[in-house]
Amino acid sequence: MRLTFTLNSEAVSLDSIAEDMLLLDLLRDTLGLTGTKRGCETGTCGMCSVLVDSKLTRSCRTPVTKIAGHTVTTIEGMLGPDGELCDLQRAFLEYGAVQCGFCSPAMVLAGEALLRRTLTPSREEIRRAISGILCRCTGYQQIVDAIEATAQHRRDQQKATSGGEGQW
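Conventions adopted
- Residues numbered from 1 in each chain as written.
- Predicted model: local features only at pLDDT ≥ 70, side-chain atom pairs only at ≥ 80, totals over all residues.
- Heavy atoms only, no water.
- Helix = DSSP H or I, 4+ residues; strand = E, 2+ residues; numbered from the N terminus.
- Rg over C-alpha atoms; globule rule 2.2 N^0.38 Å.
- Buried < 20%, exposed > 50% of the residue type's maximum accessible area, 1.4 Å probe, protein only.
- Contact = heavy atoms within 4.5 Å.
- Areas by Shrake-Rupley, 256 points an atom, 1.4 Å probe, with all protein chains shown as cover.
- Lys, Arg positive; Asp, Glu negative; His and termini not counted.
- Charge placed at Lys NZ, Arg CZ, Asp CG, Glu CD.
- Pairing = 2+ DSSP bridges.
- Axes fitted to C-alpha atoms, helices over the stretch in contact; angles between N-to-C directions.
- Parallel < 35°, antiparallel > 145°, perpendicular 65-115°, else oblique.
- Left-handed = near helix turned anticlockwise from the far one by under 90°.
- Nonpolar A, V, L, I, M, F, W, Y, C, P; charged D, E, K, R; others polar.
- Disulfide = S-S within 2.5 Å.

Draft legend 1. Broad picture of the overall build of the chain. From N to C terminus, the chain includes five helices and five strands. Of the regular secondary structure in the chain, the N- to C-terminal order runs β-β-α-β-β-β-α-α-α-α. For 168 residues, the compact-globule estimate of 2.2 N^0.38 gives 15 Å, and the C-alpha radius of gyration of the chain, at 16 Å, lies within 12% of that figure. Dimensions of the chain along its principal axes, counting C-alpha atoms only, are 50 × 40 × 25 Å. With 168 residues in all, the chain has 43% of them scored as buried. Taking the contacts inside the chain whose residues are at least 6 apart along the sequence as the reference set, 58% of them involve residues at least 24 apart. Carbon and sulfur atoms provide 48% of the accessible area of the chain, an area that totals close to 8500 Å². Separation of charge centres in the chain, based on 18 positive and 20 negative side chains, amounts to 6 Å.

Structure (structure tokens):
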């Protein structure tokens, strides 16, 4: 099968892709994007989460046929305008929301999916947005703080009339 989609802002067209291939396998094994983690492989832990058209999606349960013509964003595609870490990733570092790092890609993408919907999430909305991703290290509080701070940062950037820079 021929598969055409957008991956991390780049057009991708692949030939000879098996129709029963899962998105997780395509990303990790075929395309070498190992930021998407292989966890439970049943859709329970959320480690394999990516964005498909800005919606958080479990790549271990998503057949590649479902992404044809869509936009997929992995953690490798979460870059700031300068090519460095995006504001949300910097906030994760600043707030200590990264411990072992295994859930971090999925947590960042879950936070980004929420912030693309709203820049005024409540702490409860943030908790719900990340609730499908299991973390054994941080206790979630630092992750909630980082997402909340990024929402404020982005609101401040929107308000700036002279293009001033935020704290990151």
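Draft legend 2. View of the sheet that holds strand S1 (residues 3-7). On the basis of which strands lie adjacent, the open sheet formed by five strands has the order S2-S1-S5-S3-S4 and mixed pairing. The open sheet has two free edges, formed respectively by strand S2 (10-14) and strand S4 (55-58), since each of these has just one partner strand. For this sheet, the mean angle separating the axes of adjacent strands, direction not counted, is 40°.

Draft legend 3. A look at the packing of helix H3 (residues 104-117) against helix H4 (residues 123-130). Across the interface, H3 lies against H4 with an axial gap of 9 Å and an inter-helix angle of 130°. By the angle between their directions, the pair H3 and H4 is classed as oblique. In terms of crossing hand, the pair formed by H3 and H4 is right-handed. Counting all contacts with H3, which are made through Met 107, Ala 110 and Leu 114, the residues of H4 involved are Glu 125, Ile 126, Ala 129 and Ile 130. Counted by class, the contact of H3 with H4 contains six nonpolar, no polar and one charged residues.

Draft legend 4. Just the environment of Ala 149, in detail. For Ala 149, the position within the fold is in helix H5 (residues 141-159). When its relative accessible area of 13% is taken as the criterion, Ala 149 is described as buried.

Draft legend 5. A look at the state of the cysteines. The full count for this structure, using the stated rule, is zero disulfides. Free of any disulfide, Cys 40 has its nearest neighbouring cysteine sulfur in Cys 45, separated by 3.7 Å. For Cys 40, a relative accessible area of 33% puts it in the partly exposed group. This cysteine, Cys 137, is not joined by any disulfide, and Cys 100 carries the nearest cysteine sulfur, 3.9 Å off. Given a relative accessible area of 39%, Cys 137 falls into the partly exposed group.

Draft legend 6. Just unusual backbone geometry, in detail. Here the phi dihedral of Ser 9 falls at roughly 75°; this positive angle occurs in a residue that is not glycine. Counting through the fold element by element, Ser 9 comes out in the loop between S1 and S2. Take Ser 9: its relative accessible area is 67%, and that puts it in the exposed class. Positive phi values are uncommon outside glycine, yet Asp 53 reaches one of about 50°. Its place among the elements puts Asp 53 in the loop between strand S3 (49-52) and S4.

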